[in-house]
Amino acid sequence: RAKRHHTENFAFYAPEIEESTTTQLGMIRKLRSDFADTKLQLWFQPQIDLRSGRVAGLEGLLRWPDGKGGYIPPSEFIPLAEYSGLIVDIGRWVLEEACRRISQLRENGYEQLRVAVNISIPQFRDRYFVEKVKTALDRYNCPSGSLELEITESVVMDEPQIVIDALAALKAHGVAIAIDDFGTGFSSMSYLQRLPLDRLKVDRSFVNDIVPGKNAVIAETIVSLGNKLGLVTIAEGVETQEQARYMTELGCDEAQGYLYARPMPFDDLMQFLSGRQG
Ligand code: C2E
Ligand code: MG
Ligand code: MG
Ligand code: MG
């Protein structure tokens, strides 16, 4: 069906818009059916304590198999899942899956590991969101403090009051809260103090700026801001020893990135952990 754009009395036909819309609708349909067929996976990337070198936590990251041995990147399908509203059900599954894995980790002696998951704005608009988080924790007998929710600045700016209220309720319950990709969104400093934050994730673009002989003033400023606010700071996208060393010197607490490990399926994670801190 031709998609028409009406501009006053003028209607035009844009085949390239129709094509991309058709592709996107097709992807949404496929995502819905693959999700229903339990084909989505939650992979895990370790977060390292820079002082001890030990794994302090994990971030759960969605993976959507493309059926040809590869994966469709989250940057392509998360926006579609948000736009279509599918992210509400998918996000609930992510919470349940994270809690299921937390309880498996605990059974295997990794009681200290917290697991973080990313939360999108449509999930916050769901009036049962707080209940869903608590239900997931209860179902798998997880201590609230073993779960962390990651939100970006844009999520906060979209619906400040809804997000602040939900996070306050969850924080009171014991759940940890992290601000993700910090420094890339339109942040209002006032929200930093109104949000019940535990952890601040320095966006990988600033960590990437760290190259020998050049000091990374933004990374330095963000770590110092986090420390002054009493938050645990974590560097995202650490790929080199140089970056890890520099972030440590700046007083950054933790790091996550390809230098340590890529996101991996849970079974691989168990191997990784037993080899590392048994
Ligand atoms: P994010 O939450 O900032 O996750 C970190 C991203 O950085 C992940 O990309 C991870 O694979 C990647 N990364 C980690 N270390 C390195 C590194 O050293 N170098 C580079 N270049 N990249 C690194 P991924 O898995 O492709 O996810 C992209 C984004 O998709 C996430 O960014 C998050 O915003 C979103 N996402 C993923 N899973 C979920 C989910 O379950 N729910 C929601 N709402 N969003 C999700
Ligand atoms: Mg994240
Ligand atoms: Mg991030
Ligand atoms: Mg990111």
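Calculation notes
Residues numbered from 1 in each chain as written. Chains lettered and ligands numbered in written order. Predicted model: local features only at pLDDT ≥ 70, side-chain atom pairs only at ≥ 80, totals over all residues. Heavy atoms only, no water. Helix = DSSP H or I, 4+ residues; strand = E, 2+ residues; numbered from the N terminus. Rg over C-alpha atoms; globule rule 2.2 N^0.38 Å. Buried < 20%, exposed > 50% of the residue type's maximum accessible area, 1.4 Å probe, protein only. Contact = heavy atoms within 4.5 Å. Areas by Shrake-Rupley, 256 points an atom, 1.4 Å probe, with all protein chains shown as cover. Lys, Arg positive; Asp, Glu negative; His and termini not counted. Charge placed at Lys NZ, Arg CZ, Asp CG, Glu CD. Core = buried A, V, L, I, M, F, W, Y, C linked by side-chain atoms within 4.5 Å. Donors = N, O, S within 2.8 Å, 3.2 Å for Na, K, Ca; no water. Right-handed = clockwise from strand over helix to strand, strands pointing away. Phe/Tyr/Trp six-rings, centres within 6.5 Å; stacked < 30°, edge-to-face > 60°. Lys NZ or Arg CZ within 6 Å of the ring centre and 35° of its normal. Near = heavy atom within 4 Å. Polar contact = N/O pair within 3.5 Å; in protein donor to acceptor, adjacent residues only side chain to side chain. Nonpolar A, V, L, I, M, F, W, Y, C, P; charged D, E, K, R; others polar. Salt bridge = Lys/Arg side-chain N within 4 Å of Asp/Glu carboxyl O.

The protein is annotated in an unreviewed UniProt entry as EAL domain-containing protein from Salinimonas profundi.

1. Brief notes about the overall build of the protein
A count of helical and extended segments in the protein gives 12 helices and 11 strands. Its C-alpha radius of gyration of 20 Å places the protein within 12% of the 19 Å reference for a compact globule of 278 residues. Principal-axis analysis of the C-alpha atoms gives the protein an extent of 65 × 45 × 40 Å. Of all 278 residues assigned to the protein, the portion counted as buried reaches 48%. Residue pairs in contact within the protein that sit at least 24 positions apart in sequence constitute 66% of those at least 6 positions apart. Surface accessibility of the protein: about 14,000 Å² in total, with carbon and sulfur atoms responsible for 49%. Looking at charge distribution, the protein has the averaged site of its 31 positive side-chain charges lying 3 Å from that of its 39 negative ones.

2. What to know about the nonpolar core
Grouped together as the largest cluster of nonpolar side chains are 83 residues, with contacts concentrated most on Leu105, Phe124 and Leu195. For this core, the leading source of residues is helix α3 (residues 87-107), giving eight residues. When near neighbours in sequence (up to four residues on either side) are disregarded, Phe124 contacts Ile119, Phe129, Ile151, Val155, Ile162, Val163, Ala166 and Leu167.

3. Section: the coordination of the magnesium ion (ligand 3)
Here the magnesium ion (ligand 3) is held by the protein donor atoms Asp180 (OD), Asp181 (OD), Glu236 (OE) and Glu236 (OE), which lie 2.0 to 2.7 Å from it. Donor residues for the magnesium ion (ligand 3), ordered by position in the chain, follow D-D-x54-E. Using a relative accessible area of 5% as the deciding quantity, one classes Asp180 as buried. We classify Asp181 as partly exposed; its relative accessible area is 24%.

4. Overview of the pairing of strand β8 (residues 176-182)
If a strand is regular, its side chains alternate between the two faces of the sheet. Judged by how many residues are buried, β8 sits mostly within the fold: six of seven residues are covered. Taken together, β8, helix α8 (residues 189-194) and strand β9 (residues 199-202) form a β-α-β motif whose crossover is right-handed.

5. Considering the packing of aromatic side chains
Following the criterion strictly, the structure yields four aromatic pairs and no others. Judged by centre distance (5.0 Å) and plane angle (70°), the ring pair of Trp43 and Tyr71 falls under edge-to-face. Of this pair, Trp43 sits in strand β3 (residues 41-49) while Tyr71 is found in strand β5 (residues 71-72), placing the two residues 28 residues apart along the sequence. The exposure class of Tyr71 is partly exposed, given its relative accessible area of 36%. Both rings, one in Trp64 and one in Phe77, keep their centres 5.4 Å apart while their planes meet at 80°; by these two values the pair is edge-to-face. Of this pair, Trp64 sits in strand β4 (residues 55-65) while Phe77 sits in helix α2 (residues 74-84), and the two are 13 residues apart along the sequence. Just as Trp64 is buried, Phe77 falls in that class too. One cation-aromatic arrangement involves Arg262 over Tyr258; the distance from NZ or CZ to the ring centre is 3.8 Å.

6. Some points on the coordination of the magnesium ion (ligand 2)
Taken together, Glu59 (OE), Asn118 (OD1), Glu150 (OE) and Asp180 (OD) make up the full set of protein donors to the magnesium ion (ligand 2), lying 2.0 to 2.2 Å away. Going along the chain, you hit the donors of the magnesium ion (ligand 2) in the pattern E-x58-N-x31-E-x29-D. Here the magnesium ion (ligand 3) and the magnesium ion (ligand 2) are spaced 3.9 Å from one another, each receiving a donor from Asp180. Of this pair, Glu59 sits in strand β4 while Asn118 sits in strand β6 (residues 114-118), and the two are 59 residues apart along the sequence. On the accessibility criterion, Asn118 (31% relative accessible area) is partly exposed.

7. Quick word on the site of ligand 1
The local shell around ligand 1 holds 21 residues, among which Arg63, Asn118, Ser120, Glu239 and Tyr258 are the closest. Take Leu62: an N or O atom from its main chain is 3.1 Å from a nitrogen atom of ligand 1. Glu236 has a polar side-chain atom sitting 3.3 Å from an oxygen atom of ligand 1. Protein chains bury 84% of the 800 Å² of accessible surface belonging to ligand 1 in isolation. Of all elements in the fold, only β4, α2 and β8 reach the threshold of two or more residues within the shell around ligand 1. Per element, the largest residue contribution to the shell around ligand 1 is four residues, and it comes from β4. Split into classes, the residues belonging to the shell around ligand 1 amount to eight nonpolar, five polar and eight charged.

8. Section: the pattern of salt bridges
Under the defined criterion, the tally for this structure stands at 17 salt bridges. In this structure, Lys30 and Asp34 form a salt bridge, with 3.0 Å as the shortest nitrogen-oxygen distance. Of this pair, Lys30 and Asp34 both sit in helix α1 (residues 15-36), separated by four residues, roughly a single helical turn. Using a relative accessible area of 41% as the deciding quantity, one classes Lys30 as partly exposed. A salt bridge links Arg139 to Glu96; the nearest nitrogen and oxygen atoms lie 2.6 Å apart. In this pair, Arg139 sits in helix α5 (residues 129-139) while Glu96 sits in helix α3, placing the two residues 43 residues apart along the sequence. We classify Glu96 as buried; its relative accessible area is 11%. Beyond isolated ion pairs, a larger network of salt bridges with shared partners links Arg114, Glu148, Arg199 and Glu254.

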